[in-house]
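A closer look at the structure
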2 protein chains.
Amino acid sequence: MKQTLSIVKVGSNLIEDDKGFVRILELFSKLPGNKIMVHGGGKKATQIGNKLGIEAKMINGRRITDEKSLEIAVMVYGGLVSKQIVAQLQAFGTNAIGMSGADANAILAHKRPVTKVDFGFVGDVDKVNAYGIFKLLQAGFTPIFCALTHDGKGQLFNTNADTIAAEVAIAMSDQFDTTLYYCFEKKGVLEDVENENSVITHINSKTYEELLAYGIISNGMLPKMHNCFYALKNQVKKVCIGDIDMLEKGNPNFTTVTL
Amino acid sequence: MKQTLSIVKVGSNLIEDDKGFVRILELFSKLPGNKIMVHGGGKKATQIGNKLGIEAKMINGRRITDEKSLEIAVMVYGGLVSKQIVAQLQAFGTNAIGMSGADANAILAHKRPVTKVDFGFVGDVDKVNAYGIFKLLQAGFTPIFCALTHDGKGQLFNTNADTIAAEVAIAMSDQFDTTLYYCFEKKGVLEDVENENSVITHINSKTYEELLAYGIISNGMLPKMHNCFYALKNQVKKVCIGDIDMLEKGNPNFTTVTL
């Protein structure tokens, strides 16, 4: 039987909130078995960028990463947020290592090709080095990935953290029974976006089509749902979507997505 | 027979210079055997701090680390400089992992006690987790340490990179034949500080006393020399001081320090 592995993506909003930040790291520490965290940090990067006089450029809600913005992403995701998470996890007894996709050559990517939009230094994932990550897990370490990848030739890229979580989960699924947790500020996928208590506890391919047809899955959730099914179609066993409480043992109030 | 291990401390000035930066990483990549890098980044941190309106506070040439300065150190040493080094080393085929002392619980420290001066969030090293670092080396990774430590309770500290290099070298010397390289902008310890060609190629405890007595070792070199003998008295086999070329095979023009 395969060992289990939990991949927990922690959203940027949760990292902003000091209390929530500590609580999520405590709950993550208590998760049994092998585990990996993937975190954002976009809001903090925007704040620091603004202070440095570098405005975040957005097109259709997607961040454009010019050279200066990449520097800030590397400083904030790869430095400030990563090391604060690691130091706090060590306090909770989890032997964490904060990593970009360049560390341990973990995540290789290429610059997103320019079509209508040039996203700048945004990387699309080519390959997750599952064996390198496996060696870290095997040695007792807990990898904490920020939303950075590299091209193997010295160039770092900004890469969407949800995508990284899905790609890492897929790559590790040859070796592990993998569950992917998308942890964000809502209790799950909501039937009524205004009502926090309308969590849809289970979605599968069939009900997903229905939810789409009725317009219940809203714009913001579409890329996340796309990542869910992409992961599930590539050997990931289960995807869970919810807020911090999702990681609390015995809490049923979140969304589970299966094929 | 013990395996060899090279610990290379790369000074902040070398990191500022783009050409030198790439060259030193290439030479580091070519070093045979197990290796670890320790890097500074103080100048870059000062630049970015200034842009953010946070001035570096110095007392007697030592940096005072308040909360904001620590944030910048974590962003710049732990993020920007660390990840740029790692991405470039991967391009040279070295499987690097950029780490603070919190990652892999590698370097534990306590806040420097307040006497005449409160240095702020500056950590004095208590313990280097040699076994954790050994496991990374054994798994084929090359640890790249920045000048940050932690207290195991969630607090990060700024710690002098020369000291970190010495402490890591000492801790690893139970298991390895360790050589410590202090790589900076000069060709070595100079007999005449104005003359780059006056490198003293060998210093031992006896000649060191003489050099001190004649005032040849200048103020700036004293803490470095202190670290050298501290390391040598604690099982480190050899300390070498010089510029980038020191890592070039066959170059004799640097200072070797032995007991």
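Since the model is a prediction, treat every value here as computed from it, not as a measurement.

1. Examining helix H6 (residues 161-172) of chain A
Residue and element names in this part refer to chain A. Taking 1.5 Å as the rise per residue, H6 with twelve residues should run 16 Å; its terminal C-alpha atoms sit 16 Å apart, in good agreement. Burial analysis of H6 places eleven of its twelve residues in the buried class, which makes it a mostly covered element. One side-chain oxygen of the residue at the start of H6 lies 2.9 Å from the amide nitrogen of Asp-162, identifying that residue as Asn-160.

2. Notes on the packing of aromatic side chains
The geometry of two aromatic rings is summed up by the distance between their centres and the angle between their planes. This model, assessed by the stated rule, comprises six aromatic pairs over all chains. With centroids separated by 6.2 Å and ring planes inclined at 50 degrees, the aromatic side chains of Phe-134 of chain A and Phe-176 of chain A adopt a geometry described as tilted. Of the two residues, Phe-134 of chain A is situated in helix H5 (residues 130-138) and Phe-176 of chain A in strand E11 (residues 176-183); the sequence distance between them amounts to 42 residues. Both residues of the pair, Phe-134 of chain A and Phe-176 of chain A, belong to the buried class. The ring of Phe-28 of chain B has Lys-35 of chain B lying over it, and the distance from NZ or CZ to the ring centre is 5.5 Å. A cation over a ring is seen here: Arg-112 of chain B above Phe-119 of chain B, with NZ or CZ 4.8 Å from the ring centre.

3. Some points on the relation of the copies chain B and chain A
In the superposition of chain B on chain A (RMSD 0.0 Å, axial shift 0.0 Å), the rotation amounts to 180 degrees. Each copy turns onto its partner about a two-fold axis. Looking at the rotation axis and the C-alpha trace of chain B, the residue lying nearest is Gly-79 of chain B, at 1.7 Å. Looking at chain B, 100% of its interface residues are interface residues in chain A too, so the copies touch through the same face.

4. A look at the environment of Ala-102 of chain A
Residues and elements named next belong to chain A. Positionally, Ala-102 belongs in the loop between strand E5 (96-99) and strand E6 (107-111). The exposure class assigned to Ala-102 is buried, which follows from its relative accessible area of 0%. Between the alpha carbons of Ala-102 and Asp-151 there is a distance of 8.1 Å; along the sequence they are 49 residues apart.

5. Observations concerning the sheet that holds strand E1 (residues 3-10) of chain B
Residue and element names in this part refer to chain B. Taken together, eight strands build an open sheet; the order of strands is E5-E8-E2-E1-E11-E13-E14-E12 and the sheet is mixed. The sheet is open, and its two borders are formed by strand E5 (96-99) and strand E12 (202-203), each paired with just one other strand. Where helix H6 (residues 161-172) meets the sheet, it contacts E1, strand E2 (34-39) and strand E11 (176-183), and its direction lies at approximately 170 degrees from that of E11.

6. Notes on the UniProt feature "binding site: substrate" (unreviewed entry) in chain A
All names here are of chain A. Feature annotation in UniProt assigns "binding site: substrate" (unreviewed entry) to the following positions: Gly-41, Gly-42, Arg-63 and Asn-158. Spanning 118 residues, the named residues form one tight spatial group whose C-alpha atoms are at most 12.6 Å apart. Structurally, Gly-41 can be placed in the loop between strand E2 (34-39) and helix H3 (42-51). When sequence neighbours within four positions are dropped, the list of residues in contact with Gly-41 reads Ser-12, Val-76 and Tyr-77. Along the polypeptide, Asn-158 turns up in strand E10 (residues 156-158). The class of Asn-158 is buried, set by a relative accessible area of 8%.

Cut-offs used in this document
Residues numbered from 1 in each chain as written. Chains lettered and ligands numbered in written order. Predicted model: local features only at pLDDT ≥ 70, side-chain atom pairs only at ≥ 80, totals over all residues. Heavy atoms only, no water. Helix = DSSP H or I, 4+ residues; strand = E, 2+ residues; numbered from the N terminus. Expected span 1.5 Å × (residues − 1). Buried < 20%, exposed > 50% of the residue type's maximum accessible area, 1.4 Å probe, protein only. Polar contact = N/O pair within 3.5 Å; in protein donor to acceptor, adjacent residues only side chain to side chain. Phe/Tyr/Trp six-rings, centres within 6.5 Å; stacked < 30°, edge-to-face > 60°. Lys NZ or Arg CZ within 6 Å of the ring centre and 35° of its normal. Least-squares fit on C-alpha atoms with pLDDT ≥ 70 in both. Contact = heavy atoms within 4.5 Å. Pairing = 2+ DSSP bridges. Axes fitted to C-alpha atoms, helices over the stretch in contact; angles between N-to-C directions. UniProt positions renumbered as here; feature names shortened; annotations may be inferred.

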